[in-house]
Amino acid sequence: MKLVKISLLLIIFLFLFCCSYRIALLEITQEESEQIYNSWRESLEAAETDSIAYMITSEQIREECSGYAAFKKDRIALYLAFQGYNLLDSRQDSLKAEKSAKILRKKFPCSEETFKLARDEFYEKIYPIWSDDSLKVPVLKELLDKYPQTQWRRSIFQYLAYSLNQLGRISELQVMLKDFRVDFADDYLSHYLTAWYYEKNDLDLVEAEKFAEQAFELSQNYQVLDHYPGEEWNLERRAAGVNSGALLGRIMNRQKKYQETEELINGIITDNQLGVEDEATLASCYLQLAISCYEQGKEKQAIDSAIEALIAGDSRNKYTPEADSLLQTILSETIYTGDKTIQFIRERRKYNNVEFTDITIEAGLNGIHASRIAWGDYDNDGYQDLLLNGCRLFQNVSGEHFREVTALVLQESFQSRGGLWADFDNDGDLDILTTDPEMLLLQDS
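Cut-offs and rules
- Residues numbered from 1 in each chain as written.
- Predicted model: local features only at pLDDT ≥ 70, side-chain atom pairs only at ≥ 80, totals over all residues.
- Heavy atoms only, no water.
- Helix = DSSP H or I, 4+ residues; strand = E, 2+ residues; numbered from the N terminus.
- Expected span 1.5 Å × (residues − 1).
- Buried < 20%, exposed > 50% of the residue type's maximum accessible area, 1.4 Å probe, protein only.
- 1 Å grid on protein atoms, 1.4 Å probe; cavity = no way out; pocket = protein on both sides within 12 Å on 5 of 7 lines; lining within 4 Å.
- Points joined across faces, edges and corners; volume = space filled by probe spheres on them.
- Pairing = 2+ DSSP bridges.
- Axes fitted to C-alpha atoms, helices over the stretch in contact; angles between N-to-C directions.
- Salt bridge = Lys/Arg side-chain N within 4 Å of Asp/Glu carboxyl O.
- Patch = residues over 30% accessible without salt bridge, like charges linked within 9 Å, V, L, I, M, F, W, Y side chains within 5 Å.
- Areas by Shrake-Rupley, 256 points an atom, 1.4 Å probe, with all protein chains shown as cover.
- Lys, Arg positive; Asp, Glu negative; His and termini not counted.
- Charge placed at Lys NZ, Arg CZ, Asp CG, Glu CD.
- Contact = heavy atoms within 4.5 Å.
- Polar contact = N/O pair within 3.5 Å; in protein donor to acceptor, adjacent residues only side chain to side chain.
- Parallel < 35°, antiparallel > 145°, perpendicular 65-115°, else oblique.
- Nonpolar A, V, L, I, M, F, W, Y, C, P; charged D, E, K, R; others polar.

Caption draft 1: Molecular detail of helix α14 (residues 283–295). When the terminal C-alpha atoms of α14 are compared, their 18 Å separation across 13 residues agrees well with the 18 Å that a helix rising 1.5 Å per residue should span. Counting buried positions over the 13 residues of α14 gives 10, a clear majority of the element. Inspection of α14 places A283, S284, C285, Y286, L287, Q288, L289, A290, S292 and C293 among the buried residues, and these make up the whole buried set. Residue G297 follows α14 closely and has a positive phi angle near 80°.

Caption draft 2: Structural context of the layout of surface pockets. Estimated volume of the largest pocket: approximately 2200 Å³. The set of elements that each furnish at least two residues to the lining of the largest pocket consists of α6 (112–126), α8 (153–166), α10 (188–200), α12 (230–254) and α14. Considering each element in turn, the lining of the largest pocket owes the most residues, eight residues, to α12.

Caption draft 3: Fine view of the sheet that holds strand β5 (residues 418–422). Spatially, β5-β6-β7 is the arrangement adopted by the three strands of the open sheet, whose pairing is antiparallel. The open sheet is flanked by β5 and β7 (439–441), the only strands paired with a single partner. On average, each strand axis in the sheet is tilted by 20° relative to the strand beside it, whichever way the strands run. When β5 meets strand β6 (residues 431–435), the two strands line up antiparallel, connected through five bridges. By the bridge assignment, A422 is partnered in β6 with D431.

Caption draft 4: Molecular detail of the pattern of salt bridges. Using the criterion set out here, one finds 29 salt bridges in the structure. Of the charged contacts, one joins E121 and K146 as a salt bridge, the two residues approaching to 2.8 Å between their closest N and O atoms. Within this pair, whereas E121 is found in helix α6, its partner K146 is found in helix α7 (residues 133–146), the two being separated by 25 residues in sequence. In this structure, R238 and E231 form a salt bridge, with 3.9 Å as the shortest nitrogen-oxygen distance. One continuous salt-bridge network, built from bridges that share partners, spans E199, D202, R250, R254 and E322.

Caption draft 5: Focus on a positive patch on the surface. Where like charges cluster on the molecular surface, the positive patch consists of K72, K73, K96, K99, K102, K106 and K107. For K99, the location among the structural elements is in helix α5 (residues 91–107). Classification of K99 as exposed rests on a relative accessible area of 54%.

Caption draft 6: Inspection of the sheet that holds strand β1 (residues 373–376) at higher detail. Taken in spatial order, the four strands line up as β1-β2-β3-β4 in an open sheet, and their pairing is antiparallel. Edge positions in the sheet fall to β1 and β4 (401–404), since each has one partner strand and no second. In this sheet, neighbouring strand axes are inclined to one another by 25° on average, regardless of whether the strands run parallel or antiparallel. Note: strand β3 (residues 392–397) against β4, four bridges, orientation antiparallel. Residue pairing across strands places Q395 opposite R403, the latter belonging to β4.

Caption draft 7: Structural detail: the environment of Y197. Within the secondary structure, Y197 is located in helix α10. Y197 sits in the buried class, given a relative accessible area of 6%. As a C-alpha pair, Y197 and Y162 span 35 residues in sequence and 9.0 Å in three-dimensional space. Here Y197 is in contact with A161, Y162, N165, L173, L177 and L203, once residues within four sequence places are set aside. One polar contact links the side chain of Y197 to the main-chain amide nitrogen of Y162, over a distance of 3.5 Å.

Caption draft 8: Structural view of α10. With 13 residues, α10 should cover 18 Å at 1.5 Å per step; its first-to-last C-alpha distance of 18 Å lies within 8% of that length. The buried fraction of α10 amounts to 11 of the 13 residues, a majority that puts the element mostly inside the structure. With a side-chain oxygen lying 2.9 Å from the backbone nitrogen of L189, the N-terminal cap of α10 falls on D187. Two residues or fewer after α10 comes D202, characterised by a positive phi angle close to 55°.

Caption draft 9: Highlighting a negative patch on the surface. Side chains of E213, E217, E260 and E263 sit close together on the surface and give a patch of like negative charge. Considering the arrangement of structural elements, one finds E260 in helix α13 (residues 258–271).

Caption draft 10: Up close: unusual backbone geometry. Unusually for a residue other than glycine, D202 sits at a positive phi of about 55°. Looking at the element boundaries, D202 is found in the loop between α10 and α11 (205–219). A positive phi angle, close to 55°, is found at N380, a residue other than glycine. Within the secondary structure, N380 sits in the loop between β1 and β2 (385–388).

Caption draft 11: Looking closely at a nonpolar patch on the surface. Residues F424, L433, L440 and L442 make up a contiguous nonpolar surface patch of roughly 410 Å² in combined accessible area. Looking at where L433 falls in the secondary structure, it is placed in strand β6.

Caption draft 12: Quick look at the packing of helix α2 (residues 30–46) against helix α4 (residues 75–87). Close contact between α2 and α4 brings their axes to 10 Å; oriented N to C, the two are set at 10°. Comparing their axes, α4 and α2 come out roughly parallel. Here Q30, S33, I36, Y37, W40, R41 and L44 of α2 lie close against α4, whose contacting residues are I76, L80, Q83, G84 and L87. Its residues assigned to classes, the contact of α2 with α4 shows seven nonpolar, four polar and one charged.

Caption draft 13: Spatial organisation of the environment of M439. Mapped onto the elements of the fold, M439 is located in strand β7. Residue classification places M439 among the partly exposed positions, given a relative accessible area of 25%. Separated by 23 residues in sequence, M439 and S416 place their C-alpha atoms 9.3 Å apart. Not counting residues within four places of it along the chain, the set of residues in contact with M439 comprises F414, I432, L433 and T434.

Scope: geometric values only; no functional claims are made or implied.
Structure (structure tokens):
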């Protein structure tokens, strides 16, 4: 029996040696790298219930990673070694993973692999402290130092600017924005954010206008940065001219350059390429157009532009309240006084289609606030129930009203930032997947 075990171990080690030797002779493609990584992950998952099989599988992966890590001039092999070591459990594996990552950062600072390292480390470190700007600032600065050339710095700069502004560290923010413009001189975003924070903090409107003009000019000839997903980049490309133009219009309006703003915004509206798939809308542009027309005494054009801003809407609900307030002001001065705005808009636009009635109070949802909402019939009664922020559950009572059943249905109270419904175990009822923290809640019906 002992002889059999020794022979088996000898075969395993010979196999591992051959694997390492084979790896040392071959280079791999990106596609092959992904296939190898997936096979490692699947092998570990399959061996989870058998400690001996798991140990043997881990050792095989470890040996293969060692072979790939030896390719210090091959970024794909180094990144594969990094990924493989991270699948394993020991501290030594973690140290080897970091060693491969360090070589990637040093020898391939602009590569896609280093971009992925920066992106993943960014979310790993920032996500747990997402709401604490004082903790985020030093982490973000550390990441900028750690990744001096990767394009992911663009995202790090954005978040650092936001946190510094939230903390009121304006002088530090100005220095950081200058660094951003130096690193991304041909990118509209560095100039756009500079103009945005200058205008927001009333630093220098003349300078803010110059930065906004530069941003708008660069947005017209949008340069694609390496390694960003194509569809994500197209969404930003279509929004860049609209957002930077609206900001420029806002800054010019504040300097009473109303005619210039009107000409600028009309051109943007005519040329825009936004569609139904875009988060960005023309609400910000129509708002600035309404303001410029109103200040020039063009009440009818101002009314129509404010209405267009309301119709366009915006996902952050930033510009539509301003447009609504301006419209109320104009209407009270020129047409009537009273709460008849919606009816006026419908008549002016000759709207004769679907209308919605606000039944928030009757439905029992008055005063309920949430940033993430998911519909799902958790009790299979044919009526869609509401999951708010992944942690509050409201039962739909026969389509008449909602009642909160969180304490009755969930075993313990918790806070989360969102959730989705899905039948995880395929038993015919809906389960809940939450985020921040990530939890899977199985329904026991």
